[in-house]
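Architecture at a glance
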Amino acid sequence: MASSSVSSRGSGSWTAQQNKAFERALAVYDRDTPDRWHNVARAVDGKTAEEVKRHYELLVEDVKHIESGRVPFPNYRTTGANGHSKTGEEKMYIYSSL
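What counts as what
Residues numbered from 1 in each chain as written. Predicted model: local features only at pLDDT ≥ 70, side-chain atom pairs only at ≥ 80, totals over all residues. Heavy atoms only, no water. Helix = DSSP H or I, 4+ residues; strand = E, 2+ residues; numbered from the N terminus. Buried < 20%, exposed > 50% of the residue type's maximum accessible area, 1.4 Å probe, protein only. Contact = heavy atoms within 4.5 Å. Areas by Shrake-Rupley, 256 points an atom, 1.4 Å probe, with all protein chains shown as cover. Phe/Tyr/Trp six-rings, centres within 6.5 Å; stacked < 30°, edge-to-face > 60°. Axes fitted to C-alpha atoms, helices over the stretch in contact; angles between N-to-C directions. Parallel < 35°, antiparallel > 145°, perpendicular 65-115°, else oblique. Left-handed = near helix turned anticlockwise from the far one by under 90°. Salt bridge = Lys/Arg side-chain N within 4 Å of Asp/Glu carboxyl O.

A word on the overall build of the protein chain. Scanning the protein chain for helices and strands turns up 5 helices and 2 strands. Mapped from its N terminus to its C terminus, the protein chain presents α and β elements in the order α-α-α-α-β-β-α. By residue count, 27% of the 98 residues in the protein chain fall in the buried class. Excluding contacts between residues fewer than 6 apart, the proportion of contacts in the protein chain whose partners are at least 24 apart in sequence is 37%. Here the protein chain has roughly 7100 Å² of accessible surface; of this, 51% comes from carbon and sulfur atoms.

Counted by the stated rule, this structure contains 2 aromatic pairs. Each ring, one from W14 and one from F22, has its centre 5.5 Å from the other, and the planes form 70°; the classification is edge-to-face. The class of W14 is buried, set by a relative accessible area of 9%. Note on F22: relative accessible area 2%, which makes it buried. Relative to Y56, the ring of W37 has its centre 5.2 Å away and its plane inclined at 45°; by these criteria the two rings are tilted.

Turning our attention to the packing of helix α2 (residues 16-28) against helix α3 (residues 36-43). Relative orientation of the contacting elements α2 and α3 amounts to 140°, with a least axis distance of 9 Å. In terms of orientation, α2 lies oblique with respect to α3. Like other packed secondary-structure pairs, α2 and α3 cross with a definite hand, here right-handed. Residue-level contacts link A21, F22, A25 and L26 of α2 to R36, W37, V40 and A43 of α3.

What follows concerns the pattern of salt bridges. Inspection of the entire model under this criterion finds 2 salt bridges. Between K20 and E23 there is a salt bridge, and its shortest N-O distance comes to 3.3 Å. Residue K20 and its partner E23 are located together in helix α2, separated by 3 residues, close to a single helical turn. Where R54 meets E57, a salt bridge forms, and the shortest distance between an N and an O atom there is 3.7 Å. A residue pair is termed a helical-turn pair when its members lie 3 or 4 positions apart in one helix, as R54 and E57 do in helix α4 (residues 49-67) at 3 residues. Assessed through its relative accessible area of 35%, E57 is described here as partly exposed.

Following this line, the structure appears as structure tokens:
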């Protein structure tokens with residue numbers, strides 16, 4: 001979600017490779033790392049410290065929306081093991097009762 005949010009909000013598009021490098025860099029450079037965003041930017045080809053910091057802020061914002069329930073559960077139809085279809089609402093119930 002973050003990558004599409006970033007591109008739709010005008011902060012530039014991110015490739016799958018850049019997103020993967022970004023994720024790996026965040027795992028290495030935690031919030032206590034001096035010059036964190038410069039280090040993350042060095043790990044992500046073609047992005048500046050400001051761009052990776054903004055990408056992170058948008059990711060945090062997206063996660064907050066998801067966790068607060070503001071992002072609706074997709075209404076995909078899938079077939080269960082017994083051959084019956086399940087709606088997104090049914091899957092949400094199953095997921096929330098785990």
